[in-house]
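# Fold and contact review
Next come the chains, spelled out residue by residue.
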Amino acid sequence: MYDVLVIGGGAAGFYAAIHIAESRPQTKIAILERGKEVLTKVKVSGGGRCNVTHAEFNPSDLSKNYPRGEKELLGPFHTYASGDTVGFFEERGVALKIEDDGRMFPVSNSSQTIIDCFLSEADRLGIQVKTHCSVTGIEHIEEAGTKKWKVAVGDSFMFCNKLVLATGSNPKMWNYIESLGHTIVPPVPSLFTFNIKDERIVDIPGVATHAEVKVIPKKSIGKKSSRLKLDASSLTSEGPLLVTHWGMSGPAILKLSAWGARILEQYNYQFRIQVNWVPEYHQDGLLALLLKVKQVEKKTVLRTKVLDIPKRLWANLVNASGIEDTVTWPAVSKQQLTILAEQLTAGIFQVNGKSTFKEEFVTAGGVNLKEINFKTYESKILTGLYFAGEIINVDAITGGFNFQNAWTGGFIAAKGVVNDLNTNSE
Ligand SMILES: Cc1cc2nc3c(=O)[nH]c(=O)nc-3n(C[C@H](O)[C@H](O)[C@H](O)COP(=O)(O)OP(=O)(O)OC[C@H]3O[C@@H](n4cnc5c(N)ncnc54)[C@H](O)[C@@H]3O)c2cc1C
């Protein structure tokens, strides 16, 4: 019999358990992890460096990075946000650094530093960490007039007063939760790259530039989508775009994959995008600029650097506009420049499928947010049941925001559990 069982030895589970044990040292608490190791996602996160959080310290701006959860996380972020995460790690001797794009990593550049910090905290606080403990059932039972949780682990059972579920995006656990009366928003992948085979980019993998990308909405995508009120008309993002061997990646694409996770799944990952390689220009303004260049330049179009985009990309777009390598500015026609302006500001690319972004990926979907009290992360349906991390229908764009969801949820659920235990023991 435990005061608290935390199911899931990942980021959210450890954060919750540590905060419970720290604020209420007498709590008998265990983390149950099905794998042979704990914190396996932390280990591989951020390419092995663990992008712990993001240097966005304003709760309202922070919440804008969550395609699912933006509204619900605003309150929790006023209680616990990125600055608190930095404080937690610094107090435990783990210094974090901010990179140019705002991502925060341990100074050591190693996710092992974060794992070591959690393991030593768990040890110091007397938290039992039990690996090879796959939970296969959960029941809310009543014994001597008190409600308790009965947790099935293999052939045996464990009991506790308060249960924290932090099992990430595990479909089996979602089934158990559903059988307890919760609803689960169906899972779909988020944070992926776009597969594109196109002669304008096929020979330039590695080229990176700042671009604006829009998903071109499909007219009809069937009944299911209208029920979900999915609309691709506002799916636009701007940022660094990286050409890869398979298509396109980089923050501009990953952001679209996150905001469009559900609708792009409805499109079966077959859709078209419009790319503006020079977002500071519209087509007409750019054509006006190209016509001015035509009046003064004598060299070939191919060899003139008119815009701040990579040379190889410029060359491919010039070719795609039907302008041959030897054509000079005086010889190029207005019609060709019109096509070039269109290629540069509104090039259409067909996406056929997606690929995993190796540095970070996440699942959209999970426990319905309407069924969670975000002041405590307790279930609104069952008392004494708390959630934290990716198990709930929250996910973020890339950049450390997904872990911040785990830290915030873990911290607030811990506070909820501790208040609950203290009230019950009074
Ligand atoms: C390759 C990769 C890199 C990433 N990099 C970053 C990054 O740099 N920054 C960032 O912010 N986010 C990153 N993410 C996302 C981030 O890892 C997750 O959002 C985060 O780990 C979620 O934490 P969690 O504790 O909710 O779930 P998890 O970390 O998935 O932990 C859940 C744990 O529960 C256990 N479990 C599941 N079912 C059971 C069961 N029935 N019984 C017992 N145990 C069970 C699992 O084995 C697992 O250990 C990355 C994700 C991936 C896949």
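Just above, that's the structure.
To start, this report covers the structure provided alongside it. The shown structure was predicted, so the numbers you read here are calculated from the model rather than taken from an experiment.

Below, the discussion takes up the overall build of the protein chain. When you go through the protein chain residue by residue, the secondary structure sums to 14 helices and 21 strands. For the protein chain, the C-alpha atoms occupy an extent of roughly 90 × 50 × 35 Å along the three principal directions. Relative to its 426 residues, the protein chain shows a buried fraction of 54%. Restricting the contact set of the protein chain to residue pairs at least 6 apart, pairs at least 24 apart contribute 77%.

Let's shift gears to the site of the ligand. Taken together, 33 residues surround the ligand, and among them Ala-12, Glu-33, Asn-170, Glu-390 and Phe-403 come closest. Backbone polar atom of Asn-51 to a nitrogen atom of the ligand: 3.0 Å apart, as the coordinates give it. With respect to the ligand, the backbone of Gly-400 contributes an N or O atom lying 3.4 Å from an oxygen atom. Contact with the protein chains covers 94% of the free accessible surface of the ligand, which is 990 Å². Within the residue set of the shell around the ligand, elements represented by two or more residues are helix 1 (11–23), helix 2 (40–48) and helix 14 (401–425).

As a packed pair, helix 1 and helix 6 (residues 111–124) sit with axes 10 Å apart at the nearest point and diverge in direction by 35°. Note that helix 1 runs across helix 6; the crossing there is left-handed. Between helix 1 and helix 6, the contacting residues are Phe-14, Tyr-15, Ile-18 and Glu-22 on the first element and Phe-118, Leu-119, Glu-121, Ala-122 and Arg-124 on the second. Residues that form the contact of helix 1 with helix 6 fall into these classes: 6 nonpolar, no polar and 3 charged.

This paragraph deals with the sheet that holds strand 13 (residues 236–243). What the 7 strands build is an open sheet, ordered 16-15-12-13-14-11-17; its pairing is antiparallel. Each of the sheet's edge strands pairs with one partner strand only, and the pair in question is strand 16 (347–352) and strand 17 (354–356). In this sheet, neighbouring strand axes are inclined to one another by 40° on average, regardless of whether the strands run parallel or antiparallel. The strands that helix 13 (residues 334–346) touches are strand 15 (270–276) and strand 16; relative to strand 15, the one it contacts most, it runs at about 110°.

Before going further, it helps to spend a moment on the packing of helix 2 against helix 6. The geometry of helix 2 relative to helix 6 is characterised by a closest axis approach of 8 Å and an angle of 155° between their N-to-C directions. Between helix 2 and helix 6, the crossing angle belongs to the class labelled roughly antiparallel. The two elements helix 2 and helix 6 meet at a crossing, and its hand is right-handed. Contacts between helix 2 and helix 6 pair Val-42, Lys-43, Ser-45 and Gly-48 from the former with Ser-111, Gln-112, Ile-114 and Ile-115 from the latter. Grouping the amino acids of the contact of helix 2 with helix 6 by side-chain chemistry returns 3 nonpolar, 4 polar and 1 charged.

A few words now on the sheet that holds strand 4 (residues 96–98). Strands pair in a sheet through their backbones, by hydrogen bonds, and they do so in one of two ways: parallel or antiparallel. Pairing within the open sheet is antiparallel, and its 3 strands lie in the order 3-5-4. Strands at the two margins of the open sheet, each flanked by one partner only, are strand 3 (53–54) and strand 4.

Further remarks concern the pairing of strand 11 (residues 192–195). Each regular strand displays side chains that alternate between the two surfaces of the sheet. Taken together, the 3 bridges between strand 11 and strand 17 define a ladder with antiparallel strand orientation. If you follow Phe-194 over to strand 17, its bridge partner there is Lys-354. Two elements, strand 11 and strand 14 (residues 247–249), share 2 bridges in a ladder whose sense is antiparallel. Within the sheet, the bridge partner assigned to Phe-194 lies in strand 14 and is Met-248.

Thresholds applied
- Residues numbered from 1 in each chain as written.
- Predicted model: local features only at pLDDT ≥ 70, side-chain atom pairs only at ≥ 80, totals over all residues.
- Heavy atoms only, no water.
- Helix = DSSP H or I, 4+ residues; strand = E, 2+ residues; numbered from the N terminus.
- Buried < 20%, exposed > 50% of the residue type's maximum accessible area, 1.4 Å probe, protein only.
- Contact = heavy atoms within 4.5 Å.
- Near = heavy atom within 4 Å.
- Polar contact = N/O pair within 3.5 Å; in protein donor to acceptor, adjacent residues only side chain to side chain.
- Areas by Shrake-Rupley, 256 points an atom, 1.4 Å probe, with all protein chains shown as cover.
- Axes fitted to C-alpha atoms, helices over the stretch in contact; angles between N-to-C directions.
- Left-handed = near helix turned anticlockwise from the far one by under 90°.
- Nonpolar A, V, L, I, M, F, W, Y, C, P; charged D, E, K, R; others polar.
- Pairing = 2+ DSSP bridges.
- Parallel < 35°, antiparallel > 145°, perpendicular 65-115°, else oblique.

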